[in-house]
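# Structural overview
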Number of protein chains: 2
Amino acid sequence: MKLIVDAFGGDNAPLEILKACAEAIIDFDIDILLTGDKKKIEHVAKEHNISLARMEIVHAPSVITMEDEATEITKSKSNCSMAEGCRQLVAGNGEAFISAGNSGALVVGSTLIVKRIKGIKRVSFAPLMPKNTGNFMLIDAGANNECRPEMLHQFGLMGSIYMERVMHINRPRVGLANIGGEENKGCQLQIQAYQMLKESNLNFVGNVEGRGVPDDAADVVVADGFTGNMILKVYEGVAMVLMRKMKEIFTKSTKNKLAASVLLKDMKELKKSVDYTEVGGAPILGAAKPVFKAHGSADAKTFKSAIRLTKEYVESQVVELIAKSILSDQTKENS
Amino acid sequence: MKLIVDAFGGDNAPLEILKACAEAIIDFDIDILLTGDKKKIEHVAKEHNISLARMEIVHAPSVITMEDEATEITKSKSNCSMAEGCRQLVAGNGEAFISAGNSGALVVGSTLIVKRIKGIKRVSFAPLMPKNTGNFMLIDAGANNECRPEMLHQFGLMGSIYMERVMHINRPRVGLANIGGEENKGCQLQIQAYQMLKESNLNFVGNVEGRGVPDDAADVVVADGFTGNMILKVYEGVAMVLMRKMKEIFTKSTKNKLAASVLLKDMKELKKSVDYTEVGGAPILGAAKPVFKAHGSADAKTFKSAIRLTKEYVESQVVELIAKSILSDQTKENS
């Protein structure tokens, strides 16, 4: 299997990306096609003694940054490493594309360059998030601010297939992010999406309130991108503030420092368990070929785990299954 | 000053409510008008040796429960203690009304019985929430799922007046809950509301992302009720899961238990600092007279603090100031 990797995506590119690729090639027995500035890649590899064996480089002179508008990927930055990665994917020069760069740009690149699966209304940004035990998928978490009910239905379908095939959860519980338990709760969007999800053959468990999101209420939490992004970031913010306050307590006196030293290992694990950047990333579901967003802050270890998840994303044939499932839905509608 | 209190609102009614009232009468030098089943109130007071001095009881035979539809307050439950409280407020038999009962019903009662301030589009449920230091107001947190931009503008105005007058914050920072910092972020609702808030004479600090909400990004966070309720409950859920996991760590071994005992006092304070039920409650802003929602789980201590906040809500003339401010906005628009 050959995977395409954006060598210039994320805060720690290209060094940590190259390290991750070199390890992944050995551990997962794959080939890698890197996109990005060829000379720089070769220079960094040489400087850090990283072997480029089984790596091919396709030159791309520019980089789309976090500050760039997402749509620049097909405009002023069409020669960036991320755009080149998308084009290499379309050309069939690799089976999936991974980038730790600008999420919005990757969504635009997936939509306009890789294109959508036939019948899919919108590609979605679908991060894996920590819950009480294990992970859930939040879909959509920011690719589509304003949604129609049928989009939410498709998000549920795509999330369910991914969680079943890649995360090995049997009959994933699909929940609708909402502000009450009853089926008439929420705005028109939620009320209508509820009915569509209820009538689907997904394992729909009804509405999931904010309180239930981090507490294992569902394996797939369906939301419009605005709501999903708000959930993602409030989650992150509350966890961050709480962990910081705890740190203040742990360091405020010698007595506390001593007590904290006993708990240190457990507390570090706790911190990891609520840190969504530990989980691995977010597939861009609905794209016609597998595209995976690794965390912008990914180091070699995290990026390697994103490569592993992407490999499983390819092997488990999520894209093909989504395409088949959408086709069968449409056949039913037309019959 | 005489305040009207729903003796049968909340999980701990009427006992904890009566206890709180008896203490508040002495400590705050106020009179109280209780609504609810007269015989039951007298019985509970006698049984627990609670003085009913300076308390008047207006009989109301039924109670609107958490399970009742909010709109039943003007229908099958129009003889409930909450509806009677609203009517007593309208009749001028007290200066404000406090209930720990069904929030939705209190919003409906405020809108249909107490009625709105002239020019106010919607009353809002506006809880005080803990942030990094102190509190912020989340407005709206569930009274109005679908909003127009001018409603969000009014929420900002009302929240700002409340935080300045009752919480004594000079020129409160008003932020718009959104999924990015730039002014073109979000859905049409946010984009338009941003412009209205920017052009207002509020101390508008721009968009507040989910991450900033618990981290002191603003004193007033403006949102449509759907988004606000999601923020409220994700906040609560993440804090709850984290505190529970911490408790697991603290009790998992003798060694940990010992270490935790040193930190116990600080940890209890931390737990309190993220528990929004500790803050006091939520004014129903926009109602023509002061209505205050105490937490459903309020005990005597928390309910007494809600009475104190309500007294300040009356004294600081928030309702009058909102009315004046809306009138001046409208005069400007028409000139």
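Residues numbered from 1 in each chain as written. Chains lettered and ligands numbered in written order. Predicted model: local features only at pLDDT ≥ 70, side-chain atom pairs only at ≥ 80, totals over all residues. Heavy atoms only, no water.

This paragraph deals with the overall build of chain A. Summing up its helical and strand segments, chain A has 10 helices and 12 strands in all. Viewed in the frame of its principal axes, chain A has a C-alpha envelope of about 70 × 60 × 35 Å. Counting every position in chain A, which comprises 335 residues, the buried fraction comes to 58%. Of the contacts formed within chain A by residues at least 6 apart in sequence, a portion of 71% connects residues at least 24 apart. With an accessible surface of roughly 13,600 Å², chain A has 50% of that area assigned to carbon and sulfur atoms. Measuring between centres, the 42 positive side-chain charges of chain A sit 2 Å from its 41 negative side-chain charges. (Helix = DSSP H or I, 4+ residues; strand = E, 2+ residues; numbered from the N terminus. Buried < 20%, exposed > 50% of the residue type's maximum accessible area, 1.4 Å probe, protein only. Contact = heavy atoms within 4.5 Å. Areas by Shrake-Rupley, 256 points an atom, 1.4 Å probe, with all protein chains shown as cover. Lys, Arg positive; Asp, Glu negative; His and termini not counted. Charge placed at Lys NZ, Arg CZ, Asp CG, Glu CD.)

Contacts between the two partners involve 48 residues from chain B, matched on the other side by 48 residues from chain A. In this assembly, chain B packs against chain A so that about 4,800 Å² is buried in total across both faces, 68% of it on carbon and sulfur atoms. At the junction of chain B and chain A, the tally comes to eight salt bridges. The partner of Lys252 of chain B in a salt bridge is Asp266 of chain A, with the nearest N and O atoms 2.6 Å apart. The interface formed by chain B and chain A includes 22 residue pairs in polar contact (both at pLDDT 80 or more). If you list the elements that add at least two residues to the side of chain B that touches chain A, you get α6 (188–199), α7 (225–251) and α8 (254–273) of chain B. In terms of residues, the side of chain B that touches chain A owes the most to one element, α7 of chain B, which gives 21 residues. Of the residues in the side of chain B that touches chain A, the class split is 24 nonpolar, 12 polar and 12 charged. (Buried area = accessible area lost by both parts, 1.4 Å probe. Salt bridge = Lys/Arg side-chain N within 4 Å of Asp/Glu carboxyl O. Polar contact = N/O pair within 3.5 Å; in protein donor to acceptor, adjacent residues only side chain to side chain. Nonpolar A, V, L, I, M, F, W, Y, C, P; charged D, E, K, R; others polar.)

Moving on: helix α5 (residues 149–165) of chain B. For α5 of chain B, with 17 residues, the first-to-last C-alpha span of 25 Å sits near the 24 Å given by 1.5 Å per residue. Judged by how many residues are buried, α5 of chain B sits mostly within the fold: 14 of 17 residues are covered. (Expected span 1.5 Å × (residues − 1).)

Let us look at the pattern of salt bridges. Scanning the model with the defined rule gives 42 salt bridges over all chains in all. Of the charged contacts in the structure, one is a salt bridge between Arg211 of chain A and Glu236 of chain B, with a shortest N-O distance of 3.0 Å. Of this pair, Arg211 of chain A sits in the loop between β9 (203–208) and β10 (220–222) while Glu236 of chain B sits in helix α7, placing the two residues on different chains. By relative accessible area, Arg211 of chain A is classed as partly exposed at 31%. The closest approach of N and O atoms between Glu312 of chain A and Arg308 of chain A, which form a salt bridge, is 3.1 Å. One end of the pair, Glu312 of chain A, and the other, Arg308 of chain A, are both in helix α9 (residues 300–315), four residues apart, so they sit about a helical turn from each other. Salt bridges here are not isolated pairs; linked through shared partners, they connect Lys131, Arg173, Asp216 and Asp219 of chain A.

Let us look at the relation of the copies chain B and chain A. The two copies are related by a screw operation: chain B maps onto chain A through 180° of rotation and 0.0 Å of translation along the axis, at an RMSD of 0.0 Å. Read as a symmetry element, the transformation amounts to a two-fold axis. Residue Ala259 of chain B of chain B places its C-alpha closer to the rotation axis than any other residue of that unit, at 2.2 Å. (Least-squares fit on C-alpha atoms with pLDDT ≥ 70 in both.)

Right, let's get into empty space enclosed by the protein. Taken as a whole and assessed by the stated rule, the structure comprises two cavities of 30 Å³ or more. Put simply, the largest cavity is a space of about 60 Å³. Looking at the lining of the largest cavity element by element, the count peaks at four residues for helix α7 (residues 225–251) of chain A. Empty space within the second largest cavity amounts to approximately 50 Å³. Residue lining of the second largest cavity: Lys131, Asn132, Pro214, Tyr235, Ser273 and Val274 of chain A together with Val238, Val241, Leu242 and Lys245 of chain B, and that is the complete set. Considering every element that reaches the lining of the second largest cavity, the biggest residue donor is α7 of chain B, with four residues. (1 Å grid on protein atoms, 1.4 Å probe; cavity = no way out; pocket = protein on both sides within 12 Å on 5 of 7 lines; lining within 4 Å. Points joined across faces, edges and corners; volume = space filled by probe spheres on them.)

Any pair of aromatic rings gets described here by the distance separating the centres and the angle formed by the planes. Residue and element names in this part refer to chain A. One pass over the structure, following the stated rule, counts four aromatic pairs over all chains. Between Tyr162 and Tyr313, the aromatic rings sit 5.5 Å apart at their centres with planes inclined by 80°, giving edge-to-face as the arrangement. Remark: Tyr313 occurs in helix α9 and Tyr162 occurs in helix α5 (residues 149–165); sequence separation between them is 151 residues. Measuring from centroid to centroid gives 5.1 Å for Tyr194 and Phe204, while their planes differ by 80°, and the two rings are edge-to-face. Here Phe204 lies in strand β9 and Tyr194 lies in helix α6 (residues 188–199), a separation of 10 residues in the sequence. Per residue, the accessibility class of Tyr194 equals that of Phe204, and both read buried. (Phe/Tyr/Trp six-rings, centres within 6.5 Å; stacked < 30°, edge-to-face > 60°.)

The next point concerns the nonpolar core. With 112 residues, the main nonpolar core has Met267 of chain A together with Met267 of chain B as its most contacted residues. Contacts of Met267 of chain B, omitting those with residues within four sequence positions, involve Met246, Ile249 and Phe250 of chain A together with Met243, Met246 and Phe250 of chain B. (Core = buried A, V, L, I, M, F, W, Y, C linked by side-chain atoms within 4.5 Å.)

Bringing the pairing of strand β2 (residues 31–36) of chain A into the picture now. Residues and elements named next belong to chain A. β2 sits mainly inside the fold: five of its six residues count as buried. Of the strand pairs in this sheet, strand β1 (residues 2–6) and β2 are connected by five bridges, and their pairing is parallel. Bridge pairing links Lys2 to Asp31 in β2. On the question of chirality, the crossover connecting β1 to the parallel β2 by way of helix α1 (residues 15–28) is right-handed. Bridge count for β2 against strand β3 (residues 55–59) is five bridges, and the pairing is parallel. If you follow Gly36 over to β3, its bridge partner there is His59. Traced from β2 through helix α2 (residues 38–47) to β3, the parallel crossover comes out right-handed. (Pairing = 2+ DSSP bridges. Right-handed = clockwise from strand over helix to strand, strands pointing away.)

The next point concerns the packing of helix α1 (residues 15–28) of chain B against helix α9 (residues 300–315) of chain B. Residue and element names in this part refer to chain B. Axis separation between α1 and α9 bottoms out at 8 Å; the angle between their running directions is 45°. By the angle between their directions, the pair α1 and α9 is classed as oblique. Between α1 and α9 lies a crossing of right-handed hand. Residues Glu16, Ile17, Lys19, Ala20, Cys21, Glu23, Ala24, Asp27 and Phe28 of α1 form the contact with α9, whose participating residues are Ala300, Phe303, Lys304, Ile307, Arg308 and Lys311. (Axes fitted to C-alpha atoms, helices over the stretch in contact; angles between N-to-C directions. Parallel < 35°, antiparallel > 145°, perpendicular 65-115°, else oblique. Left-handed = near helix turned anticlockwise from the far one by under 90°.)

Right, let's get into the sheet that holds strand β1 (residues 2–6) of chain B. All names here are of chain B. Ordered by their spatial adjacency, seven strands build an open sheet running β3-β2-β1-β4-β12-β11-β5, and the pairing between neighbours is mixed. If you trace the sheet from one side to the other, it starts and ends with β3 (55–59) and β5 (124–125), each paired once. Packed onto the sheet, α5 meets β5, β11 (282–285) and β12 (291–293) and runs at close to 130° relative to β11.

All names here are of chain A. Counting buried residues along β1, four of its five residues qualify, which places the element largely inside the surrounding structure. Bridge count for β1 against strand β4 (residues 96–99) is three bridges, and the pairing is parallel. In the sheet register, Leu3 faces β4, and the bridge partner there is Ala96.

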